[in-house]
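Chain and residue survey
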Amino acid sequence: GVSKNESAITSDLQAMHAQGVDVIRWWMLQQLEGDAVTFDSSGSPSGTGGTLVADIQAALTLAVEVGVHYNFTLFSFDDFAPDGTNNGATLHSMSSIVTDSGKLAALMSIVKTVAQTVQASPNADRVVSWDIINEPEWAISDTDPYGDPAFSPNSSYQAVTFAQMEAFIAATAKTLHANSSAPVSVGGAAIKWAQ
């Protein structure tokens, strides 16, 4: 976590800033790994845990100290990997969350907490934008209704339908807009899926 590694992270931020970097795309909840998000026995997100809130606050303070800004990227297509473990940390697949309205609503409570933590900070202006998900196309199993070519999901992931991904992205955008003044985007994978 940032709050427990401020010296090393400050050094990294300073090195980037020295090379002319201003906005850093920072991935936040990749593979829902570790204890930043807690889960109940049914696999539903139940709250924030670990040092998530303290880490966000520390990252914003460091941004001011170093003179950089962030594009906080909440999720990525690899969040759709199957449940498992990585070096003792539990990985939770987004697939079972995105396809269950109750679990999705619970995840939006986490997104709300993250956005409110940023918005409440005196350093909230350091977050210039949110990116909901990096390249969601790699975790979509079918086609969209807008005329784009069919998606070709990575076989390592538990892909969801376009409608399910669209609903997840819409819910996240709505939650972010309701709790943060920063613009919201989606990190598309390829121009062929521009629609």
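Scroll up to find the structure.
Residues numbered from 1 in each chain as written. Predicted model: local features only at pLDDT ≥ 70, side-chain atom pairs only at ≥ 80, totals over all residues. Heavy atoms only, no water.

The subject of this paragraph is unusual backbone geometry. Notably, Asn87 is not glycine yet its phi reads approximately 50°, a positive angle. Its place among the elements puts Asn87 in the loop between β5 (84–86) and β6 (89–91). (Helix = DSSP H or I, 4+ residues; strand = E, 2+ residues; numbered from the N terminus.)

With that settled, the discussion passes to the environment of Thr175. Residue placement: Thr175 occurs in helix α5 (residues 162–179). Given the relative accessible area of 13%, Thr175 is considered buried. As a C-alpha pair, Thr175 and Ile110 span 65 residues in sequence and 9.8 Å in three-dimensional space. Look past the residues within four positions of Thr175 in its chain and what remains in contact with it is Met108, Val111 and Lys112. Polar contacts involving the side chain of Thr175 include one to the main-chain carbonyl oxygen of Ala171, which spans 2.9 Å. (Buried < 20%, exposed > 50% of the residue type's maximum accessible area, 1.4 Å probe, protein only. Contact = heavy atoms within 4.5 Å. Polar contact = N/O pair within 3.5 Å; in protein donor to acceptor, adjacent residues only side chain to side chain.)

Any pair of aromatic rings gets described here by the distance separating the centres and the angle formed by the planes. All chains considered together, the criterion is met by ten aromatic pairs. Arranged with centres 5.9 Å apart and planes meeting at 5°, the rings of Phe151 and Phe162 form a pair that is stacked. Separated by eleven residues along the polypeptide, Phe151 in the loop between β7 (127–134) and α5 and Phe162 in helix α5 bring together distant segments of the chain. Taking the relative accessible area as the measure of exposure, Phe151 reaches 9% and is therefore buried. (Phe/Tyr/Trp six-rings, centres within 6.5 Å; stacked < 30°, edge-to-face > 60°.)

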